[in-house]
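Next come the chains, spelled out residue by residue.
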Amino acid sequence: MSATLPMTAPASVLPTIAVDGLPFVASTVTQLADHIVSEALAGRGGWVVTPNVDILRRWRQEPEFRALVADANVFTADGRPIVWASQLQGTPLPSRLTGSDLFVQLMGRAHQAGLRMALMGGNEGTAEAAAARLVPQGAEATVRCLCPPFGFEQKPEEMARLERLLIDWQPQVVFIGLGSPKQEKLIARLRPLAPHAWFLGVGVSFSFVAGDVKRAPVWMQRSGLEWVHRLVQEPGRLARRYLVDGVPFALGLLWRASRAKKRVSR
């Protein structure tokens, strides 16, 4: 029999780099996915937050949101300007690490490891479609999906369905496909029901994988223009977030980074 890691073994800690005061994990998508699988197999849970510029802005400017995610274990640089800022301040992050890319890699690795997963949220049917594409063989053995209706957080019967899934299934990895800060609020509420699970807020990732929402071309992702692609798709919902709040904050972020001293947190 292969040796198993004892439950009392100390959790491994990934290196971080502070950008604008927030400690971002200094790892690649593959390294983080492997870390989460290893920790989950050892019975240790956690919480991954994937800040883009909007989430970083909220973290800096809204005390309530900052307190909400204070217990998170890992923050990833989902926004390209965050990576640029790390380079400007002299402590470059290895790469951009998006929630969508992490979702894809972690689903496959967790399935191979036999970890139980839960996909919650997203548009109707997208969680199931995403799971079928990422783990087409035997997905039903490791994945459970639940997409509650709009406004579910105000409906006790819908919240009870989510809670019952966690209690009965006891997943080891939980993906929440909602917008921010709704997904962070739901994670904070649900974590006590599955303390040994990893929780990840992955936004619109279910729809990306399912094909309902088209992700920006790779060249736009690499050049920091993915937000333009998203804005064209949903101008009514995203115009204020990107143009009024996001662009000025991103410029301020780069200005602060250019004047920051080297700061590396490990």
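Above this note sits the structure.
Here the structure is a predicted model, which means the values were calculated and not measured. (Residues numbered from 1 in each chain as written. Predicted model: local features only at pLDDT ≥ 70, side-chain atom pairs only at ≥ 80, totals over all residues. Heavy atoms only, no water.)

Asks: Before we move on, can you summarise the pairing of strand β3 (residues 46-49) with the specific residues and values?
Replies: On β3, burial covers both faces: Gly46 and Val48 on one face and Trp47 and Val49 on the other are all buried. Alignment of β3 against strand β4 (residues 74-75), held across two bridges, turns out to be parallel. When the bridges of β4 are listed, Val48 appears paired with Val74. (Buried < 20%, exposed > 50% of the residue type's maximum accessible area, 1.4 Å probe, protein only. Helix = DSSP H or I, 4+ residues; strand = E, 2+ residues; numbered from the N terminus. Pairing = 2+ DSSP bridges.)

Asks: Help me get a handle on helix α9 (residues 182-190), residues and values and all.
Replies: Taken together, the buried positions of α9 are occupied by Gln183, Glu184, Leu186, Ile187 and Leu190. Considered in projection along α9, the buried side chains sweep an arc of 160° and stay on one side of the axis. (Arc of directions from axis to C-beta.)

Asks: Give me the packing of helix α8 (residues 156-169) against α9: which residues, what numbers.
Replies: Orientation of α8 relative to α9, taken along the N-to-C sense of each, is 55°, at an axis distance of 11 Å. In terms of orientation, α8 and α9 fall into the oblique class. The interaxial crossing formed by α8 with α9 has right-handed handedness. Contacts from Met159, Leu162, Glu163 and Leu166 in α8 reach Leu186, Arg189 and Leu190 in α9. Residue classes in the contact of α8 with α9 are distributed as five nonpolar, no polar and two charged. (Axes fitted to C-alpha atoms, helices over the stretch in contact; angles between N-to-C directions. Parallel < 35°, antiparallel > 145°, perpendicular 65-115°, else oblique. Left-handed = near helix turned anticlockwise from the far one by under 90°. Contact = heavy atoms within 4.5 Å. Nonpolar A, V, L, I, M, F, W, Y, C, P; charged D, E, K, R; others polar.)

Asks: I'd like to hear about the packing of aromatic side chains, residue by residue, with values.
Replies: Overall, the coordinates contain two aromatic pairs when judged by the stated rule. Ring centres 4.9 Å apart and planes at 80° place the aromatic pair Phe103 and Phe175 in the edge-to-face group. Taken together, the positions of Phe103 in helix α5 (residues 99-112) and Phe175 in strand β7 (residues 173-177) put the pair 72 residues apart, joining distant regions of the chain. Given the relative accessible area of 0%, Phe103 is considered buried. Both rings, one in Phe103 and one in Phe206, keep their centres 5.3 Å apart while their planes meet at 50°; by these two values the pair is tilted. Here the residue Phe103 occupies a position in helix α5, and Phe206 occupies one in helix α10 (residues 205-210), the gap between them amounting to 103 residues. In this pair, the class of Phe103 matches that of Phe206, namely buried. Members of the aromatic cluster, connected to one another through ring pairs, are Phe103, Phe175 and Phe206. The ring of Phe65 carries Arg58 above its face, with NZ or CZ at 5.3 Å from the centroid. (Phe/Tyr/Trp six-rings, centres within 6.5 Å; stacked < 30°, edge-to-face > 60°. Lys NZ or Arg CZ within 6 Å of the ring centre and 35° of its normal.)

Asks: I'd like to hear about the environment of Phe65, residue by residue, with values.
Replies: Looking at where Phe65 falls in the secondary structure, it is placed in helix α3 (residues 63-68). The class of Phe65 is buried, set by a relative accessible area of 3%. For Phe65 and Lys185, which are 120 residues apart along the polypeptide, the C-alpha to C-alpha distance reads 8.9 Å. Ignoring anything within four residues of it in the chain, the contact list for Phe65 reads Ile55, Arg58, Trp59, Ser180, Pro181 and Glu184.

Asks: Quick one: what's the story with the sheet that holds β4, residue by residue and with numbers?
Replies: Here we have six strands laid out as an open sheet, ordered β4-β3-β8-β7-β5-β6, and parallel in their pairing. Two strands lie at the open edges of the sheet, namely β4 and β6 (143-146), each paired on one side alone. Strand direction decides the pairing type here: strand β5 (residues 117-121) and β7, joined by five bridges, are parallel. Looking at the pairing, Gly121 lines up with Gly177 of β7.

Asks: Run through the layout of surface pockets, naming residues and quoting values.
Replies: Its volume calculated, the second largest pocket comes out at about 260 Å³. For the second largest pocket, the lining is made up of 17 residues, of which Ser12, Leu14, His35, Asn73 and Val74 are closest to its centre. Of all the secondary structure elements, the ones that give two or more residues to the lining of the second largest pocket are β2 (22-25), α1 (29-41) and β4. Split by residue class, the lining of the second largest pocket holds nine nonpolar, six polar and two charged. (1 Å grid on protein atoms, 1.4 Å probe; cavity = no way out; pocket = protein on both sides within 12 Å on 5 of 7 lines; lining within 4 Å. Points joined across faces, edges and corners; volume = space filled by probe spheres on them.)

Asks: Kindly report on the pairing of strand β1 (residues 16-19), identifying the contributing residues and their values.
Replies: Here β1 shows no split at all, with Thr16 and Ala18 on one side and Ile17 and Val19 on the other all buried. Alignment of β1 against β2, held across four bridges, turns out to be antiparallel. Note on β2: the bridge partner recorded for Thr16 is Val25. Adjacent in sequence and paired antiparallel, β1 and β2 are bridged by two residues, among which Asp20 carries a positive phi angle near 60°.

Asks: For unusual backbone geometry, give the residues involved together with the corresponding values.
Replies: Here Ser180 and Pro181 are connected by a cis peptide whose omega angle stands at 10°. Topologically, Pro181 is positioned in the loop between β7 and α9. Of note in the backbone geometry, Asp20 takes a positive phi value of approximately 60° without being a glycine. The topology assignment puts Asp20 in the loop between β1 and β2. For Gln170, which is not glycine, the phi dihedral falls at a positive 45°. In this fold, Gln170 is placed in the loop between α8 and β7.

These figures come from the coordinates and say nothing about function on their own.
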